[in-house]
Amino acid sequence: MSSPLIAYGPSNSLFFGGTGLFMKLLSGADQADLNYNQQRTKFLWNIFVSGCFGGFLQVTLMCPVELVKIALQTSTEDKSPWVHNANALKFEGSIHTFKTIFALKGLRGLYKGFVPMLIRDVPTGGIYFVVYEGLLPKNREDVQWYHKIWAGGWAGIASISTVLPVDVVKTRMQADDLLYPNYHNMTDCIQKLYREEGNLLVLLQVDNYKSKLSGIKFFWKGLPVITARAFPAHAMLFIGYDMTMIFLGSRR
C-alpha cells in the first residue's frame, strides 16, 4: 500500500506547480487599464483556469495510482469486487497489481475511471484556488498563518463536497470486476447506482418520490466524514506548501 501513498507527493507537486506555471502565463497580459474590481475578477478567473490545468496534470498521474490503491483495498480472499466465477485475482503489492492490470487490460485498463476523475479534479482544482484566494485578506501584507489555515480548510471542503457524487461513481468504476465489469461506462454506472442502491435504501417504502430522493442521496454518501477530514488536511497542505516555498527562497 505504500507505493500508492508515495505518489501523492509528486501528485501535489504537479498540482501546485502546474497551477503556478499556468498562472504566470495568464498573468503576462497588461492590466494597467483595469480598475481594482476588474483586476480582482481577472485574477480570480486566471487562478480558476490555472487550478483546472493543475487538476488535469494531477489526474494524468493519479488515475493509475488510485486504481491500484482501490484494487488493493477491495481485494480480499473472502469477498472482492475483483472476483469472477469464484476465482479471485490475488494481488501481492502495488507493483504486482500494476503489472497484472496492465497485462490483462493494457494502458487503457490502468486509466479506468479517467473520465469521472477529470470531471472531479479539473473543476475542483479551479474551485480550490478561487475559494482559497477569495478568503484571504485582500492586502497580501496582512495575511497571517491562521488566514491560510482558515482559507485552505474551507477551500478543501468547498472543492470536495461539490464533486462528491462524481467521486462515488469513480470509486465504484475502479472497484469493479476487472475481467467482467458490471459498469460499462460512466453513464451506465450512474444509472445502475441510482436504480440499485436507491431501491435498497427504500425497500420498505412505496412512495415513488421517496425512492428517487433516496437514490440521489446515495451519491452524497460519506459527506460528513469527508468534509471533516478535508478541513485539517487541506489547511495543513497550504501551510506545508507555503513553508516549502519559503525554505526554497521562492517566497518571503
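Residues numbered from 1 in each chain as written. Predicted model: local features only at pLDDT ≥ 70, side-chain atom pairs only at ≥ 80, totals over all residues. Heavy atoms only, no water.

If you check an unreviewed UniProt entry, the chain appears there as Mitochondrial carrier protein from Dendroctonus ponderosae. The record held by UniProt for the chain lists under Sequence similarities (unreviewed entry) the comment "Belongs to the mitochondrial carrier (TC 2.A.29) family." Heading Subcellular location (unreviewed entry) of the UniProt record for the chain holds this comment: "Mitochondrion membrane". (UniProt positions renumbered as here; feature names shortened; annotations may be inferred.)

The next thing to look at is the nonpolar core. Nonpolar side chains in soluble globular proteins tend to end up buried together. Grouped together as the largest cluster of nonpolar side chains are 12 residues: F15, F16, M23, I47, Y128, F129, Y132, L136, V143, A151, A155 and F238. Of all elements in the fold, only α2 (8–26), α5 (114–135) and α6 (145–162) reach the threshold of two or more residues within this core. Apart from the residues lying within four places of it in its own chain, the contact partners of M23 are F43, N46, I47 and S50. One finds M173, M186, C189 and L193 within the second-largest nonpolar core, a separate group that totals eight residues. (Core = buried A, V, L, I, M, F, W, Y, C linked by side-chain atoms within 4.5 Å. Buried < 20%, exposed > 50% of the residue type's maximum accessible area, 1.4 Å probe, protein only. Helix = DSSP H or I, 4+ residues; strand = E, 2+ residues; numbered from the N terminus. Contact = heavy atoms within 4.5 Å.)

The subject of this paragraph is the packing of aromatic side chains. Summed over all chains, the structure comprises 16 aromatic pairs. Centroid distance F16 to F238: 5.6 Å. Interplanar angle 85°. Geometry classified as edge-to-face. Here F16 is found in helix α2, whereas its partner F238 is found in helix α10 (residues 223–247), with 222 residues between them in sequence. Under the relative-accessibility criterion, F16 is labelled buried at 8%. Assessed through its relative accessible area of 2%, F238 is described here as buried. Consider the rings of W150 and W154, whose centres lie 5.8 Å apart with planes at 70°: the pair is edge-to-face. Taken together, the residues span about one helical turn, with W150 and W154 both in helix α6 at a distance of four residues. (Phe/Tyr/Trp six-rings, centres within 6.5 Å; stacked < 30°, edge-to-face > 60°.)

With that out of the way, let us pick up the packing of α5 against helix α7 (residues 164–174). It is the contact of α5 with α7, at a shortest axis distance of 9 Å, that shows an interaxial angle of 155°. In this view, α5 runs roughly antiparallel relative to α7, as classed from their interaxial angle. Pair α5 / α7 crosses with left-handed handedness. On α7, the residues that touch P116, M117, I119 and R120 of α5 are V166, D167, K170, M173 and Q174. The residue makeup of the contact of α5 with α7, split by class, is five nonpolar, one polar and three charged. (Axes fitted to C-alpha atoms, helices over the stretch in contact; angles between N-to-C directions. Parallel < 35°, antiparallel > 145°, perpendicular 65-115°, else oblique. Left-handed = near helix turned anticlockwise from the far one by under 90°. Nonpolar A, V, L, I, M, F, W, Y, C, P; charged D, E, K, R; others polar.)

What follows deals with the confidence of the model for the chain. With 76% of its residues at a pLDDT of 70 or more, the chain has an overall mean of 78. Within the model, the stretch residues 200–213 combines pLDDT values under 50 with eight contacts to residues more than four positions away or in other chains. (pLDDT = per-residue confidence, 0-100.)

We now examine the environment of A155. Considering the arrangement of structural elements, one finds A155 in helix α6. Its relative accessible area of 0% is what places A155 among the buried residues. Not counting residues up to four positions away in its chain, the partners in contact with A155 are Y128, V131 and Y132.

Turning next to the layout of surface pockets. One number sums up the size of the largest pocket: a volume of about 960 Å³. Looking at the largest pocket, it is lined by 29 residues, and the ones nearest its centre are Y8, E66, R120, I160 and R229. Of all the elements in the fold, those that place two or more residues in the lining of the largest pocket are α2, α3 (36–74), α5, α6, α7 and α10. (1 Å grid on protein atoms, 1.4 Å probe; cavity = no way out; pocket = protein on both sides within 12 Å on 5 of 7 lines; lining within 4 Å. Points joined across faces, edges and corners; volume = space filled by probe spheres on them.)

This part covers the pattern of salt bridges. Pairing between side chains of opposite charge can happen when their charged atoms approach one another. Counted by the stated rule, this structure contains five salt bridges. The partner of R120 in a salt bridge is D121, and the shortest N-O contact between them spans 2.6 Å. For the pair R120 and D121, one class covers both residues: buried. (Salt bridge = Lys/Arg side-chain N within 4 Å of Asp/Glu carboxyl O.)

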